[in-house]
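# Inside the fold
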Amino acid sequence: MEVTLRLALGPLLYYWSREDTLAFYAAAAGWPVGIVYLGESVCSRRSLLRLPDWLGLAERLAVAGKTPVLSTQTLIESESDLKTLRRLVRDGRFLVEANDWGAVRLLAEMGAPFVAGPTLNVYSPDTLAILQGLGACRWVPPVEMPGAMLAAMQIPAGLETEVFAYGRLPLAYSARCFTARHYNLQKDDCQFRCLDHPDGLLLNTREGHPFLAINGIQIQSAQVLSLAHRLPELVASGVEVLRLSPQHRHMDRVVQLFHALLQGALAPAQAPERLRALMPGAPCDGYWLGEAGMAYRQHLGQHLGARLPP
Amino acid sequence: MPQIELICPAGTLPALKAAVDHGADGVYLGLRDNTNARNFAGLNFDERGLCDGLSYAHRKGAKVLLALNTYPQPATLKRWHRALDTAAGIGVDAVILADAGLMAYAVRTHPALRLHLSVQTSATNYEAVNFYRERFGIQRAVLPRVLSLAQVEALMGHTEVEIELFGFGGLCVMVEGRCLLSSYACGDSPNTFGACSPGHAVRWVETPRGMETRLNGVLIDCYTPHEKAGYPTLCKGRFQVGGDTYYALEEPTSLNTLALLPEMARMGIAAIKIEGRQRSPAYVAQVTRVWRMAIDAVKRDPAAFRPAPTWTAALDTVSEGKMHTLGAYNRPWK
């Protein structure tokens, strides 16, 4: 089966060293992804790459034939956060992913097309239509949206749907930094300990079961979402872009695997076993089935039933 | 200076009456389904109850705000529309909304209805608040409990929208509306289902190690016989991180901002919201009574305002976890 889905590399949610980050995007320029999201979307204190650095990366990736998208910060609290946001929006050369409605306001004012990010909380067709009216050309549903709900969304023509399809799930944001808390540091003197945890800092239950991952002010799932084996269902739900969220190791091979899947060179049913060796944790896919996000059911196609292509 | 309104929780008709009788300027409530963020069994109002509550409150000069602050979904969109029609028909004083599509419906269908921006909208900056003002004419915004008072004041300098702050009760450490921890563990999130760590997923298990609390099987905490077992709200459990076992996300504290009241009054905060629609009428009565006295005292003489020890003691008897924090308003962890 060959499908016309495209691959996107989601924004880097972690804080990696400058060298690692630059090397990652230099490599990504040669990967089979059409879209690359760039920028710091989690924490305003992370500054090893600043906006000019991200813009430079965007230029280089554009030359390599990618469509760069600049992701805005998700939690925008201070005037300084807003200044960064305005500079990013007003650069105007690249598509922007709005991860806060304040960003939507600025982008709509400029008349610039944008990607409506997963934290805008779009669960309703009416809200989606409003965003398209304001200039959204693509949207990313909340990561908790079940496939059946997505299939019922009445997506307006001309609006692309991108689904978070691989990686630790971004679940929650706070003004508090949980990494700093772990090290008994003040947030303003966090010593950038996120650098030591390139896939997040694992949070286990008291039984030692991996549950969540701490990534500064963001909480992620410990388990790694993978929808590779659900490709037919994704297609049937109208998904056009798959977001692969960067993890620290083996991302090249993860991208290659998804690419092979889209090319029909790898059967969806074979994907889980191949992916497992590349993932920083156990898999999950419960959200897509309308269950607990941490659940993992390898069975296919139940909720969409007859809607699946033959 | 204009007086701060006291907005109190009404999970039931007796709680509504307790709030109104003890001096609330307004109550907020929800319907008996997932159209509001306290979708708990035995809580909330049907249409008849809503009418009774509304007439009771209005007779005593208190406002009624209806929370329709979850996110409407495609298969059940009409449920939110019907709820909004009901609210407008009955004559509630305002609706508290989170979803832009629902605001558009309200403006189109009931243009005279007053709109408040729910805390679930996650509006933490004035660009976001002003977006909803321009597009839908919202009159008031309830801000997430993640901003410092200085940040709140800076935000207020750039908007004409009235600001309502949480003053007392349970405390979300995550940005409201941007927390999916509950659905990750058990399938139901505040955004779509209207509850965090819902009762149907909770198990209390007596074991030789102590009382375990579990959410859909996930161990949230384990209490020795000397410890008081708390409700397994996901972010308030003890977990293991890097070899340490501790409250990795948040201590089981509750918010109490009595001490900040003069500052909030000086800033021109329009209203203080008391959390706790899931709490008893006795809780609502106690907390409303104390906050009424405090707000009146600030109005009389802000410079001389000190939280009376009797007030704090009264609030301590009803708060969860018996520990208080000023929350993000003043940031000890910053």
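Residues numbered from 1 in each chain as written. Chains lettered and ligands numbered in written order. Predicted model: local features only at pLDDT ≥ 70, side-chain atom pairs only at ≥ 80, totals over all residues.

Attention now moves to the overall build of chain B. When helices and strands are counted, chain B shows ten helices and 16 strands. Its C-alpha atoms give chain B a radius of gyration of 20 Å, near enough to 20 Å, the size a compact globule of 334 residues would have. Across its three principal directions, the C-alpha atoms of chain B cover 60 × 55 × 40 Å. The proportion of buried residues among the 334 residues of chain B is 55%. Long-range contacts, defined here as pairs at least 24 residues apart, represent 64% of the contacts in chain B between residues at least 6 apart. (Helix = DSSP H or I, 4+ residues; strand = E, 2+ residues; numbered from the N terminus. Rg over C-alpha atoms; globule rule 2.2 N^0.38 Å. Buried ≥ 20, exposed ≤ 12 C-beta atoms within 10 Å, placed from the backbone. Contact = placed C-beta atoms within 7 Å.)

When helices and strands are counted, chain A shows ten helices and twelve strands. Taken over the C-alpha trace, chain A has a radius of gyration of 19 Å; the compact-globule value for 310 residues is 19 Å, and the two agree within 12%. Considered along the principal axes of its C-alpha atoms, chain A spans approximately 55 × 50 × 35 Å. By residue count, 53% of the 310 residues in chain A fall in the buried class. Long-range contacts, defined as pairs at least 24 residues apart, comprise 66% of the intrachain contacts of chain A with a sequence gap of at least 6.

Residues and elements named next belong to chain B. By the burial criterion, the buried members of helix α1 (residues 13-21) are A15, L16, K17, A18, A19 and V20. The inward-facing, buried residues of α1 abut β1 (5-9), β2 (26-29), α2 (47-59) and α9 (281-300). The positive-phi residue at the C-terminal boundary of α1 is G23, with phi of around 110 degrees.

All names here are of chain B. Grouped together as the largest cluster of nonpolar side chains are 213 residues, with contacts concentrated most on V27 and V95. Per-element tally for this core: the top contributor is α9, with nine residues. Taken domain by domain, this core gets at least three of its residues from each of domain 1 (5-171 + 253-329) and domain 2 (195-246). (Core = buried A, V, L, I, M, F, W, Y, C linked by C-beta atoms within 7 Å. Domains from an automatic or database assignment.)

Another point: the pairing of strand β10 (residues 210-215) of chain B. Residue and element names in this part refer to chain B. In this structure, strand β9 (residues 202-207) lies alongside β10, joined through six bridges in antiparallel fashion. Within β10, the position partnered with R203 by the bridge is R214. Hairpin connection from β9 to β10: two residues lie between these consecutive antiparallel strands. One ladder, built from five bridges, connects β10 with strand β11 (residues 218-223); its direction is antiparallel. Bridge assignment links R214 to a residue of β11, and that residue is L219. Counting the residues between successive antiparallel strands, the hairpin from β10 to β11 contains two residues, one of them, N216, with a positive phi of roughly 50 degrees. (Pairing = 2+ DSSP bridges.)

Here chain B is partitioned into domain 1 (5-171 + 253-329) and domain 2 (195-246). In this structure, domain 1 of chain B and domain 2 of chain B have C-alpha centres spaced 29 Å apart.

What follows deals with the sheet that holds β10 of chain B. All names here are of chain B. Spatial strand order, β9-β10-β11: three strands in an open sheet with antiparallel pairing. The open sheet has two edge strands, β9 and β11, and neither has a second partner. For this sheet, the mean inter-axis angle between neighbouring strands, taken without regard to orientation, is 25 degrees. (Axes fitted to C-alpha atoms, helices over the stretch in contact; angles between N-to-C directions.)

Turning next to the pairing of strand β8 (residues 201-204) of chain A. Across the two faces of β8 of chain A the burial differs, with L201 and L203 of chain A buried and L202 and N204 of chain A not buried at all. Sheet topology note: the β8 of chain A/strand β9 (residues 210-215) of chain A ladder contains four bridges and is antiparallel. Paired with N204 of chain A across the two strands is P210 of chain A, which belongs to β9 of chain A. Linking β8 of chain A back to β9 of chain A in an antiparallel pair, the connection comprises five residues, with G208 of chain A at a positive phi of about 80 degrees. For β8 of chain A and strand β12 (residues 239-241) of chain B, the ladder comprises two bridges, and the chain directions are antiparallel. Bridge pairing in β12 of chain B links N204 of chain A to Q240 of chain B.

Here the focus is the interface of chain B and chain A. Contacts between chain B and chain A engage 53 residues on the former and 54 residues on the latter. Mapped onto the side of chain B that touches chain A, the elements with two or more residues apiece are α4 (100-109), α5 (126-136), α6 (149-156), β8 (174-179), α7 (181-186), β11 and β12 of chain B. Classifying every residue of the side of chain B that touches chain A gives 32 nonpolar, 16 polar and five charged. (Nonpolar A, V, L, I, M, F, W, Y, C, P; charged D, E, K, R; others polar.)

Turning to helix α1 (residues 18-28) of chain A, a few remarks are in order. Residues and elements named next belong to chain A. Taken as a whole, α1 has its buried residues at T21, Y25 and A28. Viewed along the axis of α1, the buried residues span an arc of 55 degrees, placing them on a single side of the element. Exposed side of α1, more than 90 degrees from the buried face: E19, A23 and A27 are the residues found there. Buried-residue contacts for α1 involve β1 (6-9), β2 (35-38) and α2 (51-63). (Arc of directions from axis to C-beta.)

Its place among the elements puts H226 of chain B in the loop between β11 and β12. In this structure the C-alpha to C-alpha distance between H226 of chain B and A83 of chain B, which are 143 residues apart in sequence, comes to 46 Å.

Right, let's get into the environment of G61 of chain B. Residue and element names in this part refer to chain B. Position of G61 relative to the elements: it lies in the loop between α2 and β3 (63-68). C-beta crowding within 10 Å serves as the criterion here: with 8 such atoms nearby, G61 is assigned to the exposed category. For G61 and A24, which are 37 residues apart along the polypeptide, the C-alpha to C-alpha distance reads 9.4 Å.

Let us look at unusual backbone geometry. Residue and element names in this part refer to chain A. The backbone phi angle of N184 is positive, close to 55 degrees, even though this residue is not glycine. Considering the arrangement of structural elements, one finds N184 in the loop between α7 (178-182) and β8. One non-glycine residue, H250, lies in the positive phi region at around 65 degrees.

We now examine the environment of L266 of chain A. Residues and elements named next belong to chain A. With respect to the element layout, L266 can be found in the loop between α9 (251-263) and α10 (271-276). The spatial distance from the C-alpha of L266 to the C-alpha of E97 is 31 Å, given a sequence separation of 169 residues. Once residues lying within four places of it in the same chain are set aside, the contact partners of L266 are L257, A260, L261 and A271.

This paragraph deals with the packing of helix α3 (residues 79-91) of chain A against helix α4 (residues 101-110) of chain A. Residue and element names in this part refer to chain A. The interhelical angle for the contact between α3 and α4, taken along N-to-C directions, is 35 degrees, at an axis separation of 10 Å. Helix-helix and strand crossings are classified by hand; for α3 and α4 the assignment is right-handed. Contacts between α3 and α4 pair L85, R86 and V89 from the former with G102, A103, L106, L107 and M110 from the latter. Here the residues of the contact of α3 with α4 are counted per class, giving six nonpolar, one polar and one charged. (Left-handed = near helix turned anticlockwise from the far one by under 90°.)

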